[in-house]
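Structure assessment
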Amino acid sequence: MSRPRAFITREIFPDALEMIRAEVDAEVWPDELPPPPDVLLEECRGVDGILCLLTDKIDGDFMDAVGPQLKVISQLAVGFDNIYIPDATRHGIPVGNTPEVLTHTTADAAWALLLAAARRIGEGERAVRAGNWRTWHPLHYLGQDVYGATLGIIGMGRIGFEVARRSLGFNMRVLYSDIVRQEQYEAQLPMEYVDIDTLLSQSDFVSLNTVLNSSTHHLIDAEALGKMKPTSVLVNASRGPIVDQQALYEALRDGEIGAAGLDVTDPEPIREDDPLLTLENCVIVPHIASASVATRREMSRIAAVNLLNGIKGERLITCVNPEVYI
Ligand code: DGY
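Residues numbered from 1 in each chain as written. Predicted model: local features only at pLDDT ≥ 70, side-chain atom pairs only at ≥ 80, totals over all residues. Heavy atoms only, no water.

1. Regarding the overall build of the protein
In plain terms, the rule: Helix and strand assignments follow DSSP, with helices taken as H or I runs no shorter than four residues and strands as E runs no shorter than two, numbered in order from the N terminus. Between the two quantities, the radius of gyration covers C-alpha atoms and the globule rule is 2.2 Å times the number of residues to the power 0.38. Only heavy atoms matter for contacts: two residues are in contact if any of them lie within 4.5 Å across the pair. Note that accessible areas follow from Shrake-Rupley with a 1.4 Å probe, and for residues the cover is restricted to the protein chains shown. Charge assignment: positive for Lys and Arg, negative for Asp and Glu; neither His nor the chain ends contribute. Where a charge sits is defined by one atom per residue type, namely NZ (Lys), CZ (Arg), CG (Asp) or CD (Glu).
If you tally the helices and strands in the protein, you get 12 helices and 12 strands. Its C-alpha radius of gyration of 21 Å places the protein within 12% of the 20 Å reference for a compact globule of 326 residues. Judged by the C-alpha coordinates and their principal axes, the protein covers about 75 × 50 × 30 Å. In the protein, of all internal contacts separated by at least 6 residues, the share reaching a separation of at least 24 is 60%. Here the protein has roughly 16000 Å² of accessible surface; of this, 54% comes from carbon and sulfur atoms. Across the protein, the mean location of the 28 positive side-chain charges is 4 Å away from that of the 47 negative side-chain charges.

2. Some details on the site of the ligand
Operational definition: Nearness is judged by heavy atoms alone; a residue qualifies as near a molecule or strand once a single heavy atom is within 4 Å of it. Pairing of N or O atoms within 3.5 Å defines a polar contact, subject to two protein rules: one partner must be a possible hydrogen donor and the other a possible acceptor, and residues neighboring in sequence count only if both atoms are side-chain atoms. Put simply, Ala, Val, Leu, Ile, Met, Phe, Trp, Tyr, Cys and Pro go in the nonpolar bin, Asp, Glu, Lys and Arg in the charged bin, and everything else, Gly too, in the polar bin.
In the region of the ligand, the neighbouring residues are Leu 54, Ala 77, Val 78, Gly 79, Leu 102, Arg 239, His 287, Ser 290 and Met 299. One of the backbone nitrogen or oxygen atoms of Gly 79 is found 2.8 Å away from an oxygen atom of the ligand. Between the ligand and Arg 239 there is a distance of 2.7 Å, counted from an oxygen atom to a side-chain nitrogen or oxygen. Burial of the ligand by the protein chains amounts to 91% of its free accessible area of 230 Å². For the shell around the ligand, the class distribution of residues is five nonpolar, three polar and one charged.

3. What to know about the sheet that holds strand 2 (residues 25–28)
This is how it is decided: Strand pairing requires that DSSP identify at least two bridges connecting the strands. Working convention: axes come from line fits to C-alpha atoms, limited for helices to the stretch in contact. Angles between N-to-C directions cover 0 to 180 degrees.
Across the sheet, five strands lie side by side as 2-1-3-4-5; this open sheet has parallel pairing. Two strands close off the open sheet at either side, each with one partner strand: strand 2 and strand 5 (95–96). Judged from the three bridges that link them, strand 1 (residues 5–8) and strand 3 (residues 49–52) form a sheet pairing that is parallel. Within the sheet, the bridge partner assigned to Ile 8 lies in strand 3 and is Leu 51. On top of the sheet, helix 12 (residues 293–311) reaches strand 1, strand 3, strand 4 (72–75) and strand 5; it is set at about 175° to strand 4, its chief contact.

4. Focus: the pattern of salt bridges
Defined as follows: Whenever a carboxyl oxygen of Asp or Glu lies within 4 Å of a side-chain nitrogen of Lys or Arg, that contact is scored as a salt bridge. Exposure is judged per residue with a 1.4 Å probe applied to protein chains only, and the accessible area is read against the type maximum: over 50% gives exposed, under 20% gives buried, and values in between give partly exposed.
A full pass over the atoms with the stated rule returns 23 salt bridges. Across the pair Asp 87 and Arg 90 runs a salt bridge, and its minimum N-O distance is 2.8 Å. Of this pair, Asp 87 and Arg 90 both sit in helix 4 (residues 85–90), three residues apart, roughly one helical turn. Its relative accessible area of 60% is what places Arg 90 among the exposed residues. As a salt-bridge pair, Lys 227 and Asp 197 come within 3.1 Å of each other at their nearest N and O atoms. In this pair, Lys 227 is assigned in the loop between helix 10 (222–226) and strand 10 (233–236) and Asp 197 in helix 9 (residues 196–202), connecting sequence segments 30 residues apart. Lys 227 gets classed as partly exposed once you look at its relative accessible area, which sits at 29%. Since its relative accessible area comes to 37%, Asp 197 is described here as partly exposed.

See the structure below:
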């Protein structure tokens, strides 16, 4: 009997790949860059399972073209806005993701961006490398204090909570907003549930930790930025399109807010001529918030288990559309 087939859209940790190949004939896309959409489709036609990344767009037409034998889509990320979930559910295809294992790593990275933006670390480092460190000066590179400041978290889920927990060491007041009050988190840490306008106007640091969907797209637009303090710092380690990037550029340029730390942009990668890249008060890193060795290894393992479980008709360990099992 022939073995099931899978397509893996990028290189993953070797132990995870070995686990897959013990049971399945798996092709791996070898390039650093994602396969172009038409190539991805050709590679996936006829496979039983796909292990994909957030750079691979997968919708209902794609699923139809891959064929009715497709049993599982296993995403190597916690976010899955690149996959059209209602179509997967309609096709009876479970979609896996990799939650929890990256929570601490991502919260650490949000804090790295917060501190870097607050204390002008990127700007200072660039100056040193360019030979522009000429002296110690009382008025040079003045940033914002973090200790004792107010942190506002938009999206109090697992990552938002861990961002909040890290603020304890900085003696911060924590505000949060979300579509519903998160009492299980309030029971563990002092934090105040507020509406988004209050959060924006009272926070010294605003951390975006929400999912991307139609109601969070451009949630941080010119109007929202206009409500923030002129010294405040915006941190985004969620998804780029939650922020209107042109509005952010103008707010940073015009001093409507103080600084920003971005792990994510819109589009990704950011265009070389994006005006944000001309600003000293914007720290930008290439979507690396979950990129620790241990976390990416564990994400690879979970994605591999989800792929294999789905191919064998077993329940995924982390499934974003469990309604397929009803
Ligand atoms: C995710 O998992 O959604 C992150 O953005 C990448 O790790």
